[in-house]
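Next come the chains, spelled out residue by residue.
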Amino acid sequence: MRRAAALLLASGGALALGACGSGKAPTAAVLQLEREDLVLVSHTLSNMRGALAGEVATTKAAWPYVANGLDGSRPRDGRAGPTALAAIEAAAQSASRLKLPALFTEHKSASITGPGAGMAALFRSYVILSTRGWQQIEAAHEQIERGTPAAARFARANVNLYIDSVYDAHFSVAQLGKQLLAGYKLLGGPPAFGTSLTQGEVDALAAAYSEPSDRLYPHPTVKLGS
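The structure reproduced in this document is the subject of the present report. (Residues numbered from 1 in each chain as written. Predicted model: local features only at pLDDT ≥ 70, side-chain atom pairs only at ≥ 80, totals over all residues. Heavy atoms only, no water.)

Tallied over the entire structure, the rule returns three salt bridges. Across the salt bridge formed by lysine 178 and glutamate 211, the nearest N and O atoms sit 3.3 Å from each other. Here lysine 178, found in helix 8 (residues 176-186), pairs with glutamate 211, found in helix 11 (residues 211-214); they are 33 residues apart in sequence, far enough to count as distant. The class for lysine 178 is exposed, based on a relative accessible area of 52%. Of the residues examined, glutamate 211 reaches a relative accessible area of 18% and is grouped as buried. Because the salt bridges share partners, they merge into one network encompassing Lys178, Glu211 and Arg215. (Salt bridge = Lys/Arg side-chain N within 4 Å of Asp/Glu carboxyl O. Helix = DSSP H or I, 4+ residues; strand = E, 2+ residues; numbered from the N terminus. Buried < 20%, exposed > 50% of the residue type's maximum accessible area, 1.4 Å probe, protein only.)

Here the focus is the packing of aromatic side chains. Within this structure, the stated rule accounts for five aromatic pairs. Both rings, one in phenylalanine 104 and one in phenylalanine 123, keep their centres 5.5 Å apart while their planes meet at 55°; by these two values the pair is tilted. Separated by 19 residues along the polypeptide, phenylalanine 104 in the loop between helix 4 (82-96) and helix 5 (106-109) and phenylalanine 123 in helix 6 (residues 115-146) bring together distant segments of the chain. Note on phenylalanine 123: relative accessible area 0%, which makes it buried. With a centroid separation of 6.4 Å and 65° between ring planes, the pair formed by phenylalanine 123 and tyrosine 209 is classed as edge-to-face. Placement of the pair is phenylalanine 123 in helix 6 and tyrosine 209 in the loop between helix 10 (199-208) and helix 11, with a sequence separation of 86 residues. A connected cluster of aromatic rings, assembled from ring pairs, spans Phe104, Phe123, Tyr126 and Tyr209. (Phe/Tyr/Trp six-rings, centres within 6.5 Å; stacked < 30°, edge-to-face > 60°.)

What follows is the structure in structure tokens.
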């Protein structure tokens, strides 16, 4: 009941601010709810660090074989070497093990307020894009290697979209640290959060969910249909 009432206050406050456009500071109830949600989101991200690290490691190992397109990693006989094949399969398997936390599902995250809402959406985007992207890259590789000529042509024409999806997934998750730091500061920082979310915990999460840790290099050079 308390959370339902707080949500009602938060939504009412947001509507009021949007209507008047005065830039008036949010109420204490709104701030408290946003802090609670940021704590929940942060703890969820902390629980996902292991899965993130595993998926990022296998993706970075496979990325050189796909960043320039599947054909770009092939020997002269046109077949992918065993190293490329193993790297692609490992990345696909690792991505398939990613499980979207219940809090970050579209239905549950609709109740998240403040900075935590955007963070939940970014993580959801990462999981969906990476999982589907690697599944489709692996399937395209299979069609190019063993499918009919028509299936191979279709796979070549579309695989670059999935390569871009994997890149976009990791670009998205790499922005979470910046959003967490900004949101934590906006909502009052250590004095406001106390032991529920410390600066040390925020800094550790910001490092785990950052461009140095998660972004892919180089940017894919392939184009859809090429």
